[in-house]
Every structure is written in C-alpha cells, then in structure tokens.
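In case you want the letters, here they are:
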Amino acid sequence: MTVKKPFLLLACVLSSLFSFAQDSTRNEPSEKKQRINAQAKQEEEGILTYRRQNIFAFQLRTNGYGMYFEHGRSKSPRLTNLYLVELSETKHPKEEKEPSGDGFLSSTFVYGKANNFYQAKLGFGQQYILGQKGNKNGVAVMAVYQGGLSLGLLRPYYVLGVVGNKEKDIKYESADSIDFLTGQILGASGLSKGWDELEVNPGAFVKTSLRFDFGRFNETVKAVEIGMSLEAYSKEILQLARVEKKRLFFQGHVAILFGRRK
C-alpha cells in the first residue's frame with residue numbers, strides 16, 4: 001500500500017495538469033473568437049480601427065491644383081501620425097489665356113507670364129477623430145494639421161514669337177523680353193521648354209483641414225477634405241511680368257481621398 005500511494009498521487013497530478021491544458025486549449029479559440037466579434041461589432045457601429053493607412057488624394061486649390069500621398073500610423077483610437085508627400089502648381093489670379101490669332105484653331109498663351117510655379121512638399125502632421133461614424137452608413141469627422149518643408153520650383157514660361165521675321169522661343173527675362181510683351185506671339189512653347197533652367201526656392205508650409213470619411217467599410221478610405229494652407233518662401237516669387245512679386249501664399253482647397261487601412 002505504501003508503494004502505491006506515490007503512484008496514485010502522481011497520477012492525480014498528471015490528470016489535473018492534462019485537464020488544465022485542455023481547458024486552456026478550449027479557451028484559446030473562444031478568446032480569439034471574442035476578439036473577432038468585438039472588432040466586427042466596432043465596425044458595425046462605425047468605429048474606425050486600424051494600425052496603418054495609405055491615402056492618395058487629388059485636390060483643387062483656390063489658386064491651382066495638386067495631388068498628395070499620405071501614410072498614417074495609429075497612435076491611439078483617435079490619434080494618427082501622418083507623413084505627407086505633395087506636388088502642386090500655383091497659378092496667379094491674374095493669369096488669362098489669350099488666343100494668338102483670330103481663327104478657331106489658333107493657339108493660346110498666357111500674356112506676360114514669366115514663370116510656372118510648382119511646389120514639392122514633405123511634411124508631418126496628425127489626424128484626430130472628432131466623431132465616429134455611428135454606423136456603417138455614417139460619416140466620420142476628423143481634424144488634420146500638418147507642416148513641413150516646401151520647395152518652390154520656378155520654370156521659365158516660353159512663348160513662340162516672331163523676332164526679326166523668324167520664329168523663336170522667347171521668355172520674359174531675356175534679350176527678347178520686349179518682343180515677349182509687345183511682339184507677335186504665335187502661342188505657348190509647351191511643356192518641354194524651361195526644365196533645364198529650373199530654379200529652386202526653399203520654404204515651409206502649414207496646413208489644416210477637416211476630413212469627412214464616408215467609406216462604408218473599415219479597411220477602405222473614401223473621404224472629402226476641406227481646408228486651407230499657408231506657404232512662405234525664402235525669396236520672392238515672380239509669376240507675371242509687371243506684377244508685384246510674392247513670398248507668402250495663402251489658399252483654400254477641396255480634395256478627394258482614396259485609400260486602404262490595415
């Protein structure tokens with residue numbers, strides 16, 4: 001009897017451990033299922049839950065147009081860090097296209113335009129969820145604020161003019177600048193001219209906006225953004241001849257956003 005007792009005790013211990021392991025194994029799928037159900041419930045209630053998001057956007061600005069790519073990393077249920085790359089073009093409000101002749105098929109050009117003005121931006125910011133969707137068909141409202149480096153890129157604007165009875169591509173600040181403003185102009189020279197004369201003007205920008213996300217599913221971004229931005233550059237920008245140069249640019253924008261969340 002004394003020999004059997006240790007064996008009986010060991011058997012009881014092993015049986016208890018085996019039962020505990022089985023209970024733990026049974027609980028694992030249950031816990032995983034609970035997490036999945038909780039996430040599904042959040043999506044059904046319109047709560048945005050994600051770790052990362054990638055967004056492409058096309059924007060119309062009050063003084064031009066542009067597009068941007070944005071990568072976001074969630075920091076909390078409401079706060080997301082944003083990393084921005086943006087390309088845009090700013091046009092002067094006094095720019096007007098004029099026909100080079102009287103015919104229906106005559107070319108057009110912008111009279112007195114000295115430079116095309118582009119911007120390449122790198123920025124950082126944050127997105128804060130002000131209000132969740134409430135349900136799958138609802139709209140989430142977010143506040144976005146960003147800032148960073150803006151490189152102003154100036155490309156000389158060329159027109160095809162008649163100089164000394166010959167056709168010639170001319171720009172504003174050149175030996176032919178009188179012909180540029182008062183001579184016979186046949187039309188704009190096109191996008192191929194001026195890239196080898198590109199001038200870089202460094203600056204900075206700040207941007208704030210409200211974003212309305214109406215995407216039905218949690219993993220899809222479909223949104224409209226309305227906002228404003230301010231850009232400042234180290235040197236004054238010449239866009240039109242005989243028009244005052246500017247260093248500060250303030251504009252509003254409306255953007256359409258598409259993307260994915262994970």
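Residues numbered from 1 in each chain as written. Predicted model: local features only at pLDDT ≥ 70, side-chain atom pairs only at ≥ 80, totals over all residues. Heavy atoms only, no water.

(A) Molecular detail of the overall build of the protein chain. The helix and strand inventory of the protein chain stands at two helices and 13 strands. Taking the intrachain contacts of the protein chain between residues at least 6 apart in sequence as the baseline, contacts between residues at least 24 apart amount to 67%. Carbon and sulfur atoms provide 60% of the accessible area of the protein chain, an area that totals close to 15,900 Å². (Helix = DSSP H or I, 4+ residues; strand = E, 2+ residues; numbered from the N terminus. Contact = heavy atoms within 4.5 Å. Areas by Shrake-Rupley, 256 points an atom, 1.4 Å probe, with all protein chains shown as cover.)

(B) Seen up close, the pattern of salt bridges. Enumeration over the complete set of coordinates arrives at 13 salt bridges. Salt-bridge contacts for Glu 86 lead to Lys 121; the nearest nitrogen and oxygen are separated by 3.5 Å. Remark: Lys 121 occurs in strand 6 (residues 115–131) and Glu 86 occurs in strand 3 (residues 79–90); sequence separation between them is 35 residues. Under the relative-accessibility criterion, Lys 121 is labelled buried at 3%. Measuring nitrogen to oxygen at the nearest pair gives 3.2 Å for the salt bridge that ties Glu 231 to Lys 121. Here Glu 231, found in strand 12 (residues 220–237), pairs with Lys 121, found in strand 6; they are 110 residues apart in sequence, far enough to count as distant. Each member of the salt-bridge network shares a partner with another, and the members are Arg 61, Glu 86, Lys 121, Lys 207 and Glu 231. (Salt bridge = Lys/Arg side-chain N within 4 Å of Asp/Glu carboxyl O. Buried < 20%, exposed > 50% of the residue type's maximum accessible area, 1.4 Å probe, protein only.)

(C) Layout of the sheet that holds strand 8 (residues 159–163). Taken together, three strands build an open sheet; the order of strands is 9-8-10 and the sheet is antiparallel. Edge positions in the sheet fall to strand 9 (166–170) and strand 10 (184–188), since each of these pairs with one other strand and no more. Across the sheet, the axes of successive neighbouring strands diverge by a mean angle of 30°, strand direction being ignored. In this sheet, strand 10 lies alongside strand 8 in antiparallel orientation, the contact comprising four bridges. Bridging from a neighbouring strand, Val 159 pairs with Ala 188 of strand 10. (Pairing = 2+ DSSP bridges. Axes fitted to C-alpha atoms, helices over the stretch in contact; angles between N-to-C directions.)

(D) Geometry of the nonpolar core. Counting 14 residues, the largest nonpolar core has Tyr 157, Val 159, Ile 170, Tyr 172 and Phe 180 as its most contacted members. Those elements that place two or more of their residues in this core are strand 5 (108–110), strand 8 and helix 2 (177–182). (Core = buried A, V, L, I, M, F, W, Y, C linked by side-chain atoms within 4.5 Å.)

(E) The packing of aromatic side chains, seen in detail. Enumeration according to the criterion identifies six aromatic pairs in this entry. Both rings, one in Tyr 118 and one in Trp 195, keep their centres 5.7 Å apart while their planes meet at 10°; by these two values the pair is stacked. Linking Tyr 118 in strand 6 with Trp 195 in the loop between strand 10 and strand 11 (199–213), this pair joins segments that are 77 residues apart in sequence. Owing to a relative accessible area of 15%, Tyr 118 belongs among the buried residues under this scheme. On the basis of relative accessible area, Trp 195 is assigned to the partly exposed category, the value being 44%. (Phe/Tyr/Trp six-rings, centres within 6.5 Å; stacked < 30°, edge-to-face > 60°.)

(F) Just the sheet that holds strand 12, in detail. The strand order 1-2-3-6-7-11-12-13 describes a closed barrel built from eight strands, whose pairing is antiparallel. Direction aside, neighbouring strands of the sheet carry axes that sit 25° apart on average.

(G) Examining the side chain of Glu 225 more closely. You can see Glu 225 is positioned in strand 12. A distance of 2.9 Å separates a polar atom in the side chain of Glu 225 from a polar atom in the side chain of His 253. (Polar contact = N/O pair within 3.5 Å; in protein donor to acceptor, adjacent residues only side chain to side chain.)

(H) Spatial organisation of the environment of Gly 227. Within the element layout of this structure, Gly 227 appears in strand 12. On a C-alpha basis, the gap between Gly 227 and Ala 255 in space is 8.7 Å, while along the polypeptide they are 28 residues apart. With sequence-adjacent residues up to four places away left out, Gly 227 is seen in contact with Thr 208, Ser 209, Gln 251, Gly 252 and His 253.

(I) Seen up close, the pairing of strand 3. Note: strand 2 (residues 64–74) against strand 3, eleven bridges, orientation antiparallel. Directly across from Tyr 65, in strand 3, lies its bridge partner Glu 89. The turn linking strand 2 back onto strand 3 is made up of four residues. Note that strand 3 and strand 6 share twelve bridges and pair antiparallel. The partner of Thr 80 across the bridge, within strand 6, is Gln 127.

(J) Layout of the environment of Gly 72. Structurally, Gly 72 can be placed in strand 2. Considered as a pair, Gly 72 and Arg 52 are 20 residues apart in the sequence and their alpha carbons are 5.5 Å apart. In contact with Gly 72, not counting residues within four places along its chain, are Arg 51, Arg 52, Gln 53, Thr 80, Asn 81 and Leu 82.

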